[in-house]
Every structure is written in C-alpha cells, then in structure tokens.
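# Overview (structure and organization)
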Amino acid sequence: IFSICAFATTTGFSSYVELLVNCNAHPTFRLEYSYPFRLDHVPSQSASMCNRTDDIHLIGDFSSDAQFFVATGVLSFLYCIVITVVYVMFDAMYQSNGLLPLADFFLTVTLAVFWLSGSAAWANGLNGLKGTTHNIIHTSQCSNFCYRMNMGSVTELTISVILGFLNFFLWASDLWFLYKETPWFKLKQSTGMISELISIKKDM
C-alpha cells in the first residue's frame, strides 16, 4: 500500500507556474508541468511584452530522479504480489527449500537500497524543481517584465518523498524477520543448541 501511495502521488501530480507581465494589458502566462518533470520540454509561450516578443519557458529536467523513484515503487509493488502468492500457495516449499528464503532476503535488501537511494535522489530532484520554478521570475527572460508569479502547490510531491523514506524503513525492518528464515540463522541456532548439549553433558 505504501509503495502504491509513493509512486501514485508522483505520477498523478501536475502543477503550474503563472506569470503576470508588467505591461499595459497585464497579460498572464501559464505554464503547466507534470510527471516525469521534464520542465524544458514544456511548450514555451510566445509573449508580446512591452513592445517586445519573447518566449517564456521553464528550465530543468528532473525526469531521471522521478522515474527511478517511480520504478522502485512499481517493482516493490510487483514483488509484494509475487512473494505473497509464494507465502500463501507454496509455504511448504518455502520452508523446505533453503534457496527461496535466501532469494527473498537478498531481493528485499536490494529493494530497501533502491528505496533509500531513490528517495534521496527524488528529494534532491524535488529541491531542484522547487528552486527552478520559484526563481523563474528572476531569470533573464522574465526579470524586466514579470511583476508577480503564482504557483501551484507541490505538497503531494513532498508527501511522496516522505512515503519513500517510510518504505525504506519498512523494507529494512523486514530484513530481520527474513533473516530468521534463512539457513544461516537456522544453522546458527542448531550450532548453539549442540554447544549447549555438549556443555550440559560435560557438567554431568
């Protein structure tokens, strides 16, 4: 569920930057953007500003960070479905075959690392996106003409980053329980029991 929420809040997001130009007619220009946040691919608008024609456009490409984050969420969701089927339908095989718990453990480690790195990358990308959209009014294309800027909220994207780090915590926490199902832990337990039995016999 947390995986779905994390990538759904990212892929379903859209917002805008609205610029008001300081000329006689006070025209308004609205630039809309959405996932995967290739801001430099958003169509520019030709603006006649104070007897001068210029293009107003957004700057920056944050698609790699966003897509890595979303890919991690989708992979985690698919893996949850597959491993749930294994737990329910093939529990006996899971318990008797030592390779399945090991594979489960290593795949969970991989996804936990993906969530940490993906969330950190997307947090950095989100900061860049906020900085780019907030500072467009100070760029050369706008600094002499724009007198006000309105922006859509990016709260959903901030929530997606929080959910990403929460997913990392959940996947990392699950490692201890998976480790207890691996042959390593069972071998350690059996070795400990044998040692205790030997020490008891010596005491007798």
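First, a word on what this report is: a plain description of the structure on this page. Just so you know, these numbers come straight off a predicted model, no measurement behind them. (Residues numbered from 1 in each chain as written. Predicted model: local features only at pLDDT ≥ 70, side-chain atom pairs only at ≥ 80, totals over all residues. Heavy atoms only, no water.)

### What about unusual backbone geometry?
For the bond from Y35 to P36, the omega torsion is 10°, close enough to zero to count as cis. With respect to the helices and strands, P36 occurs in the loop between strand 2 (28–34) and strand 3 (45–48). Positive phi, close to 65°, is recorded for F37, a residue that is not glycine. (Helix = DSSP H or I, 4+ residues; strand = E, 2+ residues; numbered from the N terminus.)

### Notes on a nonpolar patch on the surface
A surface patch of nonpolar side chains, amounting to about 960 Å² of accessible area, comprises I4, V74, F77, L78, I81, V85, Y87, V88, M89, F90 and M93. By residue number, the principal contributor to the nonpolar patch is helix 2 (residues 63–89), which donates 8 residues. Here V74 is to be found in helix 2. The partly exposed category is assigned to V74, whose relative accessible area is 31%. (Patch = residues over 30% accessible without salt bridge, like charges linked within 9 Å, V, L, I, M, F, W, Y side chains within 5 Å. Areas by Shrake-Rupley, 256 points an atom, 1.4 Å probe, with all protein chains shown as cover. Salt bridge = Lys/Arg side-chain N within 4 Å of Asp/Glu carboxyl O. Buried < 20%, exposed > 50% of the residue type's maximum accessible area, 1.4 Å probe, protein only.)

### Observations regarding the packing of helix 1 (residues 2–11) against helix 2
For the pair helix 1 and helix 2, interaxial distance at closest approach is 8 Å and the crossing angle is 145°. Of the two elements, helix 1 crosses helix 2, and the hand of that crossing is left-handed. For the pair helix 1 and helix 2, the contacting residues are S3, I4, A6, F7, T10 and T11 in the first and F69, V70, G73, V74, S76 and F77 in the second. (Axes fitted to C-alpha atoms, helices over the stretch in contact; angles between N-to-C directions. Left-handed = near helix turned anticlockwise from the far one by under 90°. Contact = heavy atoms within 4.5 Å.)

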